[in-house]
Amino acid sequence: MRNVQKLLFIFTLCLALSCMGSAEGLIRVFGYEGRDVKVPCPYNPGYESYEKYLCKDNCDYPDILITTTEKNKTRFFIYDDQSTRIFTTTISNLQSTDARGYWCGVSRNGKDIYTEVKLETRKDSCCNTVNTIQHIEGGSAAITCPYDSESVRKLKYICRGNQPSKCLHQAMITSNSPQKGRFKLVDDGQSRKFKVTISDLNLNDSGSYLCGVQSNSGLDVFSATVLKVKEWCCVKYETVRGTVGLSVTLQCPYQPDQRNNRKFLCKGSERSSCKDMIMGQSRFQVLNVSSHSFWVTINKLEEGDSGTYWCRSDLDWNIGKYTQFHLSVEKEEQDAGKKKNLKEPRQPATLAYPHKSSTVKPINTATPAASNDLIKGLPDVALFSLSAVLPVLLLLLLTIILVHVFKNKCNKVKGKFNAPNIFNSDKNRYALFYFYLMFCFFSRYRNHSKLLQARLCRCTGCVGWRRCVSE
């Protein structure tokens, strides 16, 4: 009797299942509000050409959302891939009210085949807990991302922003490609944390970051971090000069709360990559540490010590008072040479005239400056003008006098009129003799002047002037 009851129970259960069709199992789907979600529905072989649909509730005619014969309907789109035997329904602009149960249906003669779907929605933002870190531009920042023990072998990634739906597609770096530009990802499976390091920070790196761990079923797991990059400030610039073999002392101020920190003097044009000079360098000594500054002495300076130095008392270069020194080291001989050049005046240019029996040729022994040539050349120009112009004027005056004398002399000889001879007077003779002396002294054509004087002497009966002619 009991066996009959068991058979009747099994028959009734099978009959009930046949009324709803054969269920292939529960399909869980997750989506973000405002985004699209895809609902995959697999089916068995032999139903490739059958109509498929997605429905809700009791799957009556009003509950059918879309069918493969409709293709598109409002917020729903359906596509049947018969090669994989999966038809997929896409729901766009997902709302919180879309979170519910659905059915994937395959039409057939008799009862349809159904597969249950469970859709869950979440807001497209993250997260309830946000970690905030702060760093200075030019340095580096490390974002730490924890995960659970079940995600050790899963894909890890990081992206900017706070929208989980876009994070994987916009990932800057993943565990499959752990190095890219300024970003580096290191996964530590033992501590179940992966760390993303961003080097050479700039102000544009400030913002929100999402660490993601891919999930094989359901939504990915995220953690949020806000990075604040502050401008590196408060730098004082000084220029220092030193001499090879001597010492130089640099004063370095620092923040009062950094008094117990180790003091640094590093060398390099970039502070982020400068070399610590105090460690292992006996010539560099830290002296006289006070509450607000410390002093560094560099002994036995070398030419190679020239360069840019940074004083700091914080290992991470946080905002504070820093000093940048530009040290220039020169040799002592060069300094002495420069001072000697400044004290010794410029020697004036001279001309040497070697004496020879016939000709004198000037020889330039130095090239004078242009300004000295102009200043020293002015007397020569004036003298040349005087020696060139004055004889011309005297020659013109004498020509007028000679014309007058010849005219009177000739008129007296011919007897046209008796005019007084102006040269009979000693006063007039001496005056004319003085002019001729001046003419003889300045004229460059002395041979021509002698002929002219001889003619004048013959006309006037002058005796004393012949001495000038004969010289």
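Scroll up to find the structure this text is about.
Structure report, in brief. (Residues numbered from 1 in each chain as written. Predicted model: local features only at pLDDT ≥ 70, side-chain atom pairs only at ≥ 80, totals over all residues. Heavy atoms only, no water.)

### Some thoughts on unusual backbone geometry
Then comes step 1: Residue Cys127 is reached from Cys126 by a cis peptide bond, and omega for that bond is 10 degrees.
Then comes step 2: Topologically, Cys127 is positioned in the loop between strand E9 (113–122) and strand E10 (130–136).
Then comes step 3: Phi at Cys59 is positive, roughly 60 degrees, even though this residue is not glycine.
Then comes step 4: Among the secondary structure elements, Cys59 is positioned in the loop between strand E3 (52–56) and strand E4 (64–67).
Then comes step 5: Of the residues examined, Cys59 reaches a relative accessible area of 12% and is grouped as buried. (Helix = DSSP H or I, 4+ residues; strand = E, 2+ residues; numbered from the N terminus. Buried < 20%, exposed > 50% of the residue type's maximum accessible area, 1.4 Å probe, protein only.)

### Focus on the nonpolar core
Then comes step 1: Counting 21 residues, the largest nonpolar core has Val29, Val39, Phe87, Ile91, Cys104, Val117 and Leu119 as the members making the most contacts within it.
Then comes step 2: Counting only elements with at least two residues in this core, the list comes to strand E1 (27–32), strand E2 (37–42), E4, strand E6 (76–81), strand E7 (86–91), strand E8 (101–106) and E9.
Then comes step 3: Counting 19 residues, the second largest nonpolar core, distinct from the first, contains Ala141, Cys145, Leu227 and Val229. (Core = buried A, V, L, I, M, F, W, Y, C linked by side-chain atoms within 4.5 Å.)

### A word on the sheet that holds E3
Then comes step 1: In spatial order, the strands read E1-E9-E8-E3-E4; together these five strands make up an open sheet with mixed pairing. For this open sheet the edge positions go to E1 and E4, each flanked by a neighbour on one side alone. Each neighbouring strand pair of the sheet contributes to a mean axis angle of 25 degrees, computed without reference to strand direction.
Then comes step 2: Looking at chain direction, E3 and E4 are connected through three bridges and run antiparallel. Its bridge partner being in E4, Cys55 is matched across the sheet by Ile64. (Pairing = 2+ DSSP bridges. Axes fitted to C-alpha atoms, helices over the stretch in contact; angles between N-to-C directions.)

### Some details on the state of the cysteines
Then comes step 1: All told, the structure shown has seven disulfides when counted by the stated rule.
Then comes step 2: A sulfur-sulfur distance of 1.8 Å marks the disulfide that ties Cys55 to Cys59. As the torsion about the S-S bond is roughly 60 degrees, the Cys55-Cys59 disulfide counts as right-handed. With respect to burial, Cys55 and Cys59 carry one shared label: buried.
Then comes step 3: In this model, Cys252 is linked to Cys311 through a disulfide, with the two sulfur atoms separated by 1.9 Å. Here Cys252, found in strand E20 (residues 248–253), pairs with Cys311, found in strand E25 (residues 307–312); they are 59 residues apart in sequence, far enough to count as distant. Each of the two residues, Cys252 as well as Cys311, counts as buried. (Disulfide = S-S within 2.5 Å.)

### A look at the pattern of salt bridges
Then comes step 1: In the structure shown here, the tally under the stated rule is 12 salt bridges.
Then comes step 2: A salt bridge links Arg283 to Asp305; the nearest nitrogen and oxygen atoms lie 2.9 Å apart. Here Arg283, found in the loop between strand E22 (275–276) and strand E23 (284–287), pairs with Asp305, found in the loop between strand E24 (293–298) and E25; they are 22 residues apart in sequence, far enough to count as distant.
Then comes step 3: Among the charged side chains, a salt-bridge network with shared partners connects Arg283, Glu302 and Asp305. (Salt bridge = Lys/Arg side-chain N within 4 Å of Asp/Glu carboxyl O.)

### Some words on the environment of Thr249
Then comes step 1: Note that Thr249 resides in strand E20.
Then comes step 2: Relative accessible area serves as the criterion here: at 45%, Thr249 is assigned to the partly exposed category.
Then comes step 3: In contact with Thr249, other than residues within four places in its own chain, are Trp295, Val296 and Thr297.
Then comes step 4: At 3.2 Å, the side chain of Thr249 and the side chain of Thr297 are in polar contact. (Contact = heavy atoms within 4.5 Å. Polar contact = N/O pair within 3.5 Å; in protein donor to acceptor, adjacent residues only side chain to side chain.)

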